[in-house]
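Close look at the chain arrangement
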Amino acid sequence: MRQITMERLENTRKEMLETVKSPTLTHEQKVAVMANLADSLLEVLDYPDGLEERLFVPFEEQQICDLGEGHAPLRPRYIVPDYEKFMKEGCKFLQLQAPTDIWEAVHYLLIFYKHVPSVTNYPVYIGNIDYLLDPFIKEEKEAKKAIRFFLLHIDRTILDSFCHANIGPKATKAGYIILELEKELQNAVPNLTLKYEEGVTPDEFALAAINSCLSCASPSFANHKMFSKELGEQYVIASCYNGLLIGGGSYTLTRLILGHIAKAAESIKDFKENVLPNVMEIMAEYMDERIRFIVEESGFFEHNFLAKEGFIHRERFSAMFGLVGLAECVNTLFEKEGKKGRFGSCKEADDLGVEIMELIDNFNQKHHNKYCEGTQQHFLLHAQVGLASDTNSSPGCRIPIGEEPENFIEHLKHCERFHKYFPSGIGDIFPIDTTVNRNTEYLLDIIKGAFVNQIRYLSFYEKNSDVIRVTGYLVKRSEMEKLDSGKNVLQDTTALGLGAAKNGHILERKVR
């Protein structure tokens, strides 16, 4: 076991005391923060050479970030239970039989959710909820009342909008009810995605989803055909927009901070041939060690009821090789070479972005981890959405806010070049002008065309709506204003949204 330095120990003690005294954190939020800080003090992992000077440094110097997972992982980061199995068979550990009506269905799911861990201490996936609930709908008025209670309960007790639910791709009575209630309730939790495939998803159902998203930023739209081809039909969209396997999940998500890595290179050639490969190797070794500890030492898969009863299977897990700041990386490298182009507005700069993605993808295809059986022993690439504290580091492969192309179609064509690399998630977000509410078919045509052209995931919200999408999660503007004035708020992701508004300028996106 490694010994933590006195400097880091004192910094952690200081953060703990600040957490205890915080006037804006609720009791539950304080407990969660304290637990994560305590976990960071126990270092049981065997770090690869070169990691510490790239991870345990101030943000502006970081090249690798472990996204607060701690250094004694006690469970996988993201867990995706097989809820269909639960609805058919019940759960011995929770002493629940299979539900027989709509009220048992919603209550039993709510009980189950309380026992699904993740890095946030809340479930990051709660099921393809329309498919789960639809078989229990006998009388529509009663079903709507039960589902309304269900959605309200989730929003008030799962206090983190990385909680994610799916609907579709086929239309269901439950799906229509959920979309209607989304507009009524205006909740930030759960995050919701419609799995969309033309010819499978009826236009009427897709238009109902568009009407909902323009009202409350939910659902987003996932390219079902694309995800199914890569991950199989038994996939989900979890957390922010992560493609993962049902009955599995992700052991870990660690990210390359590409803009900072570019600063360490002397030239584009040096970046591609030396600096980037070295950092990728270190991060992959670090992820391998995290996975080894979870599987071989933590005991999670041996003792947790989810694994013992077959709601999850270790063989369905993978890990996420994340990145952030491709735009800043390209722009920094161009500056070093005396070039004037910018990522998102210059073909040569975008071409360099594609070259960098090819390097990362090729590295990942050559790296093997024996415990990532769910994805042929490879990690999954993930375009990470960023942290509230990130400055000058755009999410994933997105064009920096304020530099978006004037033409919406040109922006989508840029997305097309990068979405194909990320089976475990990439997404772009577009605030929409109010006039679209009078022509939602226009937005459906955009989605259809984008998905034919291998764009993976799209999110929209009406420019003046209270509920907005930050990066891969939802918050309310009104709640951010409360927090900014020093008041308590229910969901801890509100603080992330406020940070993203101040540091990432998410309220200044170009309106389409």
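Cut-offs used in this document
Residues numbered from 1 in each chain as written. Predicted model: local features only at pLDDT ≥ 70, side-chain atom pairs only at ≥ 80, totals over all residues. Heavy atoms only, no water. Helix = DSSP H or I, 4+ residues; strand = E, 2+ residues; numbered from the N terminus. Rg over C-alpha atoms; globule rule 2.2 N^0.38 Å. Buried < 20%, exposed > 50% of the residue type's maximum accessible area, 1.4 Å probe, protein only. Contact = heavy atoms within 4.5 Å. Areas by Shrake-Rupley, 256 points an atom, 1.4 Å probe, with all protein chains shown as cover. 1 Å grid on protein atoms, 1.4 Å probe; cavity = no way out; pocket = protein on both sides within 12 Å on 5 of 7 lines; lining within 4 Å. Points joined across faces, edges and corners; volume = space filled by probe spheres on them. Core = buried A, V, L, I, M, F, W, Y, C linked by side-chain atoms within 4.5 Å. Nonpolar A, V, L, I, M, F, W, Y, C, P; charged D, E, K, R; others polar. Phe/Tyr/Trp six-rings, centres within 6.5 Å; stacked < 30°, edge-to-face > 60°. Lys NZ or Arg CZ within 6 Å of the ring centre and 35° of its normal. Pairing = 2+ DSSP bridges. Patch = residues over 30% accessible without salt bridge, like charges linked within 9 Å, V, L, I, M, F, W, Y side chains within 5 Å. Salt bridge = Lys/Arg side-chain N within 4 Å of Asp/Glu carboxyl O. Lys, Arg positive; Asp, Glu negative; His and termini not counted. Charge placed at Lys NZ, Arg CZ, Asp CG, Glu CD.

So, the overall build of the chain
For the chain, the helix and strand inventory stands at 20 helices and 14 strands. Taken over the C-alpha trace, the chain has a radius of gyration of 22 Å; the compact-globule value for 512 residues is 24 Å, and the two agree within 12%. Summarising its shape, the C-alpha atoms of the chain cover approximately 65 × 55 × 50 Å along the three principal directions. Counting over 512 residues, the chain shows a buried share of 61%. For the chain, the proportion of contacts with a sequence separation of at least 24, taken over those separated by at least 6, is 78%. Split by element, the accessible area of the chain, about 20600 Å² in all, is 50% carbon and sulfur.

Concerning the layout of surface pockets
Its boundaries defined by the atoms lining it, the second largest pocket holds a volume of some 300 Å³. The set of elements that each furnish at least two residues to the lining of the second largest pocket consists of α4 (83-89) and α6 (129-133).

Some words on the nonpolar core
Formed by 176 residues in total, the largest nonpolar core has its most connected members in Leu256, Phe321 and Ile360. The dominant element in this core, judged by the number of residues it contributes, is helix α12 (residues 268-296), at 15 residues. Contact partners of Leu256, with chain neighbours within four places excluded, come to Gln63, Ile261, Leu276, Val279, Met280, Met283, Phe321, Gly322, Leu323, Val324 and Ile360.

Considerations on empty space enclosed by the protein
Scanning all chains against the criterion turns up two cavities of 30 Å³ or more. Taken together, Cys397, Arg398, Ile399, His411, His414, Cys415, Phe418, His419, Ile426 and Asp428 form the lining of the largest cavity. Of all the elements, helix α17 (residues 408-419) adds the most residues to the lining of the largest cavity, at five residues. Residue composition of the lining of the largest cavity, grouped by class: five nonpolar, three polar and two charged. For the second largest cavity, the calculated volume is near 40 Å³. As for the second largest cavity, its lining consists of Glu28, Gln29, Ala32, Tyr122, Leu159 and Asp492. Class assignment for the residues of the lining of the second largest cavity results in three nonpolar, one polar and two charged.

A short note on the packing of aromatic side chains
All told, the structure shown has 27 aromatic pairs when counted by the stated rule. Connected via pairs of aromatic rings, a cluster forms that spans Tyr83, Phe86, Phe93, Phe112, Tyr113, Tyr125, Phe150, Phe305 and Phe311. Between the NZ or CZ atom of Arg456 and the centre of the ring of Phe227, over which it lies, the distance is 4.9 Å.

Thoughts on unusual backbone geometry
A cis amide bond links Gly168 with the next residue in sequence, Pro169, at an omega value of 10°. Tracing the backbone shows Pro169 in the loop between β3 (164-167) and α8 (173-185). Notably, Gln95 is not glycine yet its phi reads approximately 55°, a positive angle. Taking relative accessible area as the criterion, Gln95 reaches 70% and is therefore assigned exposed.

With respect to the pairing of strand β11 (residues 428-432)
Counted residue by residue, β11 has five buried out of five residues, so it is predominantly covered. Because side chains alternate across β11, one face comprises the buried residues Asp428, Phe430 and Ile432, and the other comprises Ile429 and Pro431, equally buried. Inspection of the sheet shows β11 paired to strand β12 (residues 457-462) by five bridges, in the parallel sense. Bridged to Phe430 within β12 is Phe460.

Considering a negative patch on the surface
A surface patch of negative charge is lined by Asp46, Asp49, Glu281 and Glu285. The residue Glu285 is located in helix α12 in this model. With a relative accessible area of 36%, Glu285 lands in the partly exposed category.

A look at the pattern of salt bridges
Pairing is possible between side chains that carry opposite charge, provided their charged atoms lie close to one another. For the structure on display, the rule yields 29 salt bridges. Here Glu355 ties to Lys272 by a salt bridge, and the two come within 2.7 Å at their closest N and O atoms. Highlighted residues: Glu355 in helix α16 (residues 347-366) and Lys272 in helix α12, separated in sequence by 83 residues. Note on Lys272: relative accessible area 25%, which makes it partly exposed. Measuring nitrogen to oxygen at the nearest pair gives 3.0 Å for the salt bridge that ties Lys510 to Glu406. With Lys510 in the segment after α20 (493-503) and Glu406 in the loop between β10 (380-383) and α17, this residue pair connects regions lying 104 residues apart in the sequence. On the basis of relative accessible area, Glu406 is assigned to the exposed category, the value being 67%.

Worth remembering: the numbers are spatial, not functional.
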